[in-house]
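# An overview of the molecular structure
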Amino acid sequence: MRTKINQTFVKGLLFSILLLLNNAHAKKINIVTEHLAPFQIVQENAIGGLATEMIVATLQEANISYQITAHPWSISYNRALKEKNTCIYSLVHIPQRTALFQWIGHIATSSTSLYSEKNSPITIENLTQAKDYKIAVIKDDVAHHYLLSKGFVENRNLYVMSNNDALLELLEKPNRHIDLIVMNDKLLNSRLDDSDDLSKYKNVFRFSDYKLDFYFACSLKTEEPIVTELINAMKNLEQQGVFAEIKRNFQDHF
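Described below are features of the structure shown in this document. Note that the coordinates shown come from a computational prediction; the quantities given were computed from them, not determined experimentally.

Pairing is mixed across the open sheet formed by 5 strands, whose spatial order is E9-E8-E10-E7-E11. The open sheet has two free edges, formed respectively by strand E9 (158-161) and strand E11 (201-206), since each of these has just one partner strand. Here the strands of the sheet are splayed against their neighbours by 35° on average, with no regard to which way each runs. Relative to E9, strand E8 (residues 135-138) runs parallel, the two being bridged by 4 bridges.

With that settled, the discussion passes to the packing of aromatic side chains. A complete count under the given rule lists 7 aromatic pairs for this structure. With centroids separated by 5.8 Å and ring planes inclined at 80°, the aromatic side chains of Tyr146 and Phe207 adopt a geometry described as edge-to-face. Residue Tyr146 is found in helix H5 (residues 142-149), and its partner Phe207 is found in the loop between E11 and strand E12 (212-219); the two are separated by 61 residues along the sequence. Taking relative accessible area as the criterion, Tyr146 reaches 12% and is therefore assigned buried.

It is worth spelling out the sheet that holds strand E4 (residues 65-70) at this point. Overall, mixed pairing links the 5 strands, which are arranged E4-E1-E5-E12-E6 in an open sheet. Of all the strands in the sheet, just E4 and strand E6 (101-110) have a single pairing partner and so form its edges. Each strand axis lies, on average, 20° off the axis of its neighbour in the sheet, ignoring direction. Pairing analysis gives 3 bridges linking strand E1 (residues 28-33) to strand E5 (residues 86-92), with the strands arranged parallel. The residue of E5 that forms the bridge with Ile31 is Cys87.

Right, let's talk about the nonpolar core for a bit. Counting residues in hydrophobic clusters, the biggest one holds 56 residues, and the most contacted among them are Ile31, Ile107, Ile181, Phe216 and Leu230. Ranked by residues supplied to this core, first place goes to helix H2 (residues 50-62) with 7 residues. Among residues more than four places away in sequence, those in contact with Leu230 are Ile29, Thr58, Leu59, Ala62, Ile64, Cys87, Ile104, Phe216 and Cys218. Counting residues in each nonpolar core, the second largest holds 17 residues, with Leu114, Ile135, Tyr146 and Leu158 among its members.

What follows concerns the pattern of salt bridges. On inspection of all chains with the given rule, the structure shows 4 salt bridges. When the shortest N-O distance is used, the salt bridge between Arg206 and Asp185 registers 3.2 Å. One end of the pair, Arg206, is in strand E11; the other, Asp185, is in helix H7 (residues 185-191), and 21 residues separate them in sequence. Assessed through its relative accessible area of 46%, Arg206 is described here as partly exposed.

Those residues of helix H3 (residues 73-82) that fall on the buried side of the exposure criterion are Trp73, Ser74, Ser76, Tyr77 and Ala80. Around the axis of H3, the buried residues are gathered within 165° of arc, so they sit on the same side. Against E1, E5, E6, E8, H5 and E12 lie the buried residues of H3.

Below, the discussion takes up unusual backbone geometry. Here the bond from Ala37 into Pro38 is cis, since omega is 5°, no more than 30 degrees from zero. Tracing the backbone shows Pro38 in the loop between E1 and strand E2 (41-42). The omega torsion across Tyr89 and Ser90 is -10°, close enough to zero to call that bond cis. With respect to the helices and strands, the residue Ser90 is situated in strand E5. Not every positive phi belongs to a glycine, and Asn85 is a case in point at roughly 50°. You can call Asn85 buried: its relative accessible area is 8%.

Rules behind the numbers
- Residues numbered from 1 in each chain as written.
- Predicted model: local features only at pLDDT ≥ 70, side-chain atom pairs only at ≥ 80, totals over all residues.
- Heavy atoms only, no water.
- Pairing = 2+ DSSP bridges.
- Helix = DSSP H or I, 4+ residues; strand = E, 2+ residues; numbered from the N terminus.
- Axes fitted to C-alpha atoms, helices over the stretch in contact; angles between N-to-C directions.
- Phe/Tyr/Trp six-rings, centres within 6.5 Å; stacked < 30°, edge-to-face > 60°.
- Buried < 20%, exposed > 50% of the residue type's maximum accessible area, 1.4 Å probe, protein only.
- Core = buried A, V, L, I, M, F, W, Y, C linked by side-chain atoms within 4.5 Å.
- Contact = heavy atoms within 4.5 Å.
- Salt bridge = Lys/Arg side-chain N within 4 Å of Asp/Glu carboxyl O.
- Arc of directions from axis to C-beta.

The structure is reproduced here in structure tokens:
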């Protein structure tokens, strides 16, 4: 009798372990992002772009169910910071964020600059000079956090906006109170591929002391088996040349 009970117990325990492992992979995780062409292109009924294709390929390789939703950056960032089984792209990796997320893999590298209206007389050689002007930036964007760390003060020389469209509109308004905006260089070139549109803006200062390394990352509350599967999937796709092919398809945007 004791042997039968022990065998039944062991079988039940093994079944429970297998069920738990299967459930970890069967879970539907939430993926949050923003519109940031050409990395993430949010349209009415779909989300595409270079980074999106890389992330979707990763999720399929890992065999993990998912839902991708786009929001203003601050909302996506804070959801990925706090919610269980929630991941985000494209998130710039900086030292201040290292311990805040579980980092899955690298997506792309880009640069960022300060832009003015084309007829502006402003010239800037360093960040100290930039503090004399009113600068607009996306709330909770890496540039927002970076400028705060360099001594910029909100509502004095730093003003936060919700999206990049709002940034560009600020420079076009004749009664604006903003001198400069912070914009990702690849983003601006992608959004304004017409030379006439690009000529409306002037690159005043490029941040040379850091490059923007965009990553796929997950909240600290994302379960370990999911994170492991995603990390392995990104490594496999990189080694197989899948990501290189995706990037070649978007090379006209860079």
